[in-house]
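Results of the structural survey
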Amino acid sequence: MNTSRRTLLTGLAGLAVAPSAVAAAPTSAIGDATVAEERFARMIAAAHASDVACARQAERYADAHWPDYVVAARAVLDARV
């Protein structure tokens, strides 16, 4: 599976759980994020960037907004177990 398809599917998975996960998010959730959660949150954020076709633009968006997606990343990672 190529990277863009993987990123798109990750974004869809994050979008599916984000509304319920964000409502239950404590404010300190970002400070204790693991490396896996941070990377997954960055991937979800990159998938939600306005211009996904431009990798550099998606990466900049992910760098700026990954804390917004930590809770969704945790929900997806916890659902896998």
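Residues numbered from 1 in each chain as written. Predicted model: local features only at pLDDT ≥ 70, side-chain atom pairs only at ≥ 80, totals over all residues. Heavy atoms only, no water.

1. Points about the environment of Glu59
With respect to the helices and strands, the residue Glu59 is situated in helix α3 (residues 55–65). Take Glu59: its relative accessible area is 52%, and that puts it in the exposed class. (Helix = DSSP H or I, 4+ residues; strand = E, 2+ residues; numbered from the N terminus. Buried < 20%, exposed > 50% of the residue type's maximum accessible area, 1.4 Å probe, protein only.)

2. Quick word on helix α2 (residues 35–47)
In this model α2 runs 18 Å from its N-terminal to its C-terminal C-alpha over 13 residues, within 8% of the 18 Å that 1.5 Å per residue would give. The complete set of buried residues in α2 reads Glu37, Phe40, Ala41, Ile44, Ala45, Ala46 and Ala47. (Expected span 1.5 Å × (residues − 1).)

3. Thoughts on the nonpolar core
Within soluble globular proteins, side chains that are nonpolar tend to cluster in buried spots. Counting 14 residues, the largest nonpolar core has Phe40, Ala41, Ile44, Tyr69 and Ala73 as its most contacted members. Secondary structure elements with two or more residues in this core: α2, α3 and α4 (70–80). (Core = buried A, V, L, I, M, F, W, Y, C linked by side-chain atoms within 4.5 Å.)

4. Quick look at the pattern of salt bridges
Within the structure shown, the criterion is met by four salt bridges. Residue Arg74 is joined to Asp32 by a salt bridge in which the shortest nitrogen-to-oxygen separation is 3.1 Å. A residue pair is termed long-range when its members are at least 10 positions apart, and Arg74 in helix α4 and Asp32 in the loop between α1 (3–23) and α2 qualify at 42 residues. Across the pair Arg42 and Glu38 runs a salt bridge whose closest N-O atoms are separated by 3.1 Å. One end of the pair, Arg42, and the other, Glu38, are both in helix α2, four residues apart, so they sit about a helical turn from each other. Judged by its relative accessible area of 25%, Arg42 falls in the partly exposed class. The network of salt bridges with shared partners includes Asp32, Glu37 and Arg74. (Salt bridge = Lys/Arg side-chain N within 4 Å of Asp/Glu carboxyl O.)

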